[in-house]
Amino acid sequence: MNKGFIISLTLLSIGLSASAQKKNDAEGNKTVIVVSKPMTPMDSSMVTQLFFSALREKTIENNVLAAELFDRILQVDPSNDASLYELGKIRRAQNNETSARDLFERAVTVNPDNEYYWQALAESYEKTNDVAKLENVFNELIRIQPGNPDFKFEKANVLYLEKKYDESLALYKELQGQMGLTDDIVIGRQKIYLKQGKIDEAAAELEQMIQANPNQIRYLLILADLYNTNGQNDKALVVLQKIEKLYPANDQVHLALADIYRDKKDYVASFNQLKLAIAIPDLGIEQGLNIIKGYIPKFPDENAKQSALELSRLLTISHPQDERAYAMYGDMLLENEQYQDAKAAYKKAVKLNEQDYPVWEQLVRIELTGETDEAIKDANEALSIFPNQAWMNYLAGVAWLQKKDFNKALNYINNVPSLETQDKALLSQSYSVAGDCYHGIKDFVKSDVAYDKSIEYNPDNIYTLNNYAYYLSLRGDKLDKAADMAKHANEIEPNNASFEDTYAWILFKQQKYTDAKTWIEKAIANDKNKSATATEHYGDILFYLGNVDAALENWKKAKQLGGTSPELDRKINEKKYIE
């Protein structure tokens, strides 16, 4: 609808009698009465001046003063329809729709031939879903402008909402005579036919549009959707296959066919149609990404992971300059444990758009699994763009820790608490790494403080519990605390050979040799990698239990497994435990 206002001095005339108009409403007839007051020529002049002053204030968006001026006009001249209308618009802007509706109702009562008043009132009824009153409003608008099809379309829709289907169809027929058969008329009638269950009538009308517009694919798509949404998949399939032959490069056709085949449980055919669709550049990147994301809830199902991987690969071909395609491809490669290919995809993504921080993080995480120098290089590049990212500072610190450059690692790790105060998991991990670093440079006081902070943020951080406990045992310090932490780590994650070895070693340091033997045997049984350290510890424990031959056998086995502790050769040669 057209919006606007009309300024006419004739609307400011002196009213000498009451004005009233009857209107239908859902509860019956309602009469709105606007009573005029006798006005002197001085009053009339004042009203005119106030009106233009109010308009001026409204134009400069001083709505409070404008509303006061319109109110003053209405106190003098209650039937001033222009002021009723303008004040109504101000009340609407102030989100007072109830007051606005009342003012518009009074305005149309005074001047029933002003279409702008009726349009404003229609908007009020639409906001409150007052359908019955809307029908009357559009009747009035059609009376004022019988040649305007917009009002007839609006009324036809209102009749549809009122379930007056035959009346609505009659109005669409009238519109067709006025305008010819248009998309709006077809769509409007489709809704009614479907509500009435007249699928054949709806289809016949679409066939008519198809014949009249043989080059317009949208009517064929609407027909296919009509059949599909009404349980006639076979008919929908025939239509879509026809379209596919005519328009093989239409992505929406392939998506529709994918839906049909999926409904028919032909999943191979459905997936093939998705591949065809996603390989077409016309398919928007967002739609392509959403299709791939639809597989994620089905993970870790291998078929779902493989399907998502193939679709994401095709998306990089159809959108080779969009970093989001490569980021998604990287994610799917990662899900399929193809780490090097995932790294390459992420590198391509950040090359296309270096501002995509999550991709940088994924890239560095992959590189930390064996390419420490690259992880450091890319972490530094990411931090040059995003210096305040706590996680990237953490990852850079971990990379330097892996290289055993503890001071450089601390330069990054110590930034994390100032950059992140809410993520307790990250803070716990950061203090844990700090503890490892301080232990590495033999600053045991700071190491213990960092480990304690890590546990404060996460009492169940198993890596902190294990490392802290083990390092305390190496120093022979706070062994009871160390034992409690090691025991708790094993409670959280049972059957972890490394944690069991730590607990066994602490029990050994506490001279609880029988308990230590129980836990070291658990560790060796669960150790798939055959740890030389655990085997050496087993020998140590057996020695103190008096089984020297078994101890010597395990020390030699530890040597064969690559054991390098300074005391191991002496233990073997001297056949005794060396502290």
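Residues numbered from 1 in each chain as written. Predicted model: local features only at pLDDT ≥ 70, side-chain atom pairs only at ≥ 80, totals over all residues. Heavy atoms only, no water.

## Let's talk about the packing of helix α9 (residues 183-195) against helix α10 (residues 199-212)
The description of two helices packed together rests on the angle between their axes and the distance between the axes. Where α9 meets α10, the axes come as close as 8 Å, and the angle between the chain directions of the two elements is 165°. By the criterion of interaxial angle, the relationship of α9 to α10 is roughly antiparallel. Pair α9 / α10 crosses with left-handed handedness. Taken together, the residues of α10 that come into contact with α9 (itself represented by Asp183, Ile185, Val186, Arg189, Gln190, Tyr193 and Leu194) are Ile199, Glu201, Ala202, Glu205, Leu206 and Met209. In the contact of α9 with α10, the residues fall into eight nonpolar, one polar and four charged. (Axes fitted to C-alpha atoms, helices over the stretch in contact; angles between N-to-C directions. Helix = DSSP H or I, 4+ residues; strand = E, 2+ residues; numbered from the N terminus. Parallel < 35°, antiparallel > 145°, perpendicular 65-115°, else oblique. Left-handed = near helix turned anticlockwise from the far one by under 90°. Contact = heavy atoms within 4.5 Å. Nonpolar A, V, L, I, M, F, W, Y, C, P; charged D, E, K, R; others polar.)

## With respect to the packing of aromatic side chains
Considering all chains together, one arrives at 22 aromatic pairs under this definition. On the numbers, 5.9 Å between centres and 70° between planes, the contact of Phe51 with Phe70 is edge-to-face. With Phe51 in helix α1 (residues 41-59) and Phe70 in helix α2 (residues 63-76), the pair connects residues that are 19 residues apart, well separated along the chain. The two residues Phe51 and Phe70 agree in class, both being buried. (Phe/Tyr/Trp six-rings, centres within 6.5 Å; stacked < 30°, edge-to-face > 60°. Buried < 20%, exposed > 50% of the residue type's maximum accessible area, 1.4 Å probe, protein only.)

## Side note on helix α11 (residues 217-229)
Taking 1.5 Å per residue, 13 residues should reach 18 Å; α11 reaches 18 Å between its end C-alpha atoms and fits that length. For α11, the complete set of buried residues consists of Ile217, Tyr219, Leu220, Leu223, Ala224, Leu226 and Tyr227. Buried residues along α11 sit against α9, α10, α12 (233-246) and α13 (251-263). The first or second residue beyond α11 is Gly231, which carries a positive phi of 75°. (Expected span 1.5 Å × (residues − 1).)

## A short note on the pattern of salt bridges
By the definition in use, this model includes 38 salt bridges. With a closest N to O distance of 3.0 Å, Asp569 and Lys559 form a salt bridge. Remark: Lys559 occurs in helix α31 (residues 548-560) and Asp569 occurs in helix α32 (residues 568-574); sequence separation between them is ten residues. Classification of Lys559 as partly exposed rests on a relative accessible area of 39%. (Salt bridge = Lys/Arg side-chain N within 4 Å of Asp/Glu carboxyl O.)

## Some remarks on unusual backbone geometry
Residue Phe299 is joined to Pro300 through a cis peptide bond whose omega torsion reads 10°. Position of Pro300 among the secondary structure elements: in the loop between α15 (285-293) and α16 (302-318). The backbone of Asn95 shows a phi angle near 65°, a positive value even though the residue is not glycine. Position of Asn95 relative to the elements: it lies in the loop between α3 (81-93) and α4 (97-110). Phi at Lys530 is positive, roughly 55°, even though this residue is not glycine.

## Here we look at the side chain of Ser454
Relative to the elements of secondary structure, Ser454 occurs in helix α25 (residues 444-457). Apart from residues no more than four positions distant in its own chain, Ser454 is found in contact with Ser428, Tyr431, Ser432, Asn461 and Thr464.

## Quick word on the layout of surface pockets
In this approach, a probe sized like a water molecule rolls over the atoms, and the result shows the empty space that is left. Approximately 560 Å³ is the volume attributed to the largest pocket. Every element with two or more residues in the lining of the largest pocket is listed here: α13, α14 (267-278), α15 and α16. No other element matches α13, which puts six residues into the lining of the largest pocket. Residue classes in the lining of the largest pocket are distributed as ten nonpolar, seven polar and five charged. Of the pockets and cavities examined, the second largest pocket occupies roughly 310 Å³. Lining the second largest pocket are 17 residues, with Leu474, Trp505, Glu536, Ser565 and Glu567 sitting closest to its centre. (1 Å grid on protein atoms, 1.4 Å probe; cavity = no way out; pocket = protein on both sides within 12 Å on 5 of 7 lines; lining within 4 Å. Points joined across faces, edges and corners; volume = space filled by probe spheres on them.)

## Comments concerning the packing of helix α30 (residues 532-544) against α31
At a minimum axis separation of 8 Å, α30 and α31 run at an interaxial angle of 165°. When the interaxial angle is binned, α30 and α31 end up roughly antiparallel. For the crossing formed where α30 meets α31, the hand is left-handed. Every residue of α31 that contacts α30 at Ala532, Thr535, Glu536, Tyr538, Gly539, Asp540, Leu542 and Phe543 is listed here: Val548, Ala550, Ala551, Asn554, Trp555, Lys557 and Ala558. Residue classes in the contact of α30 with α31 are distributed as nine nonpolar, three polar and three charged.

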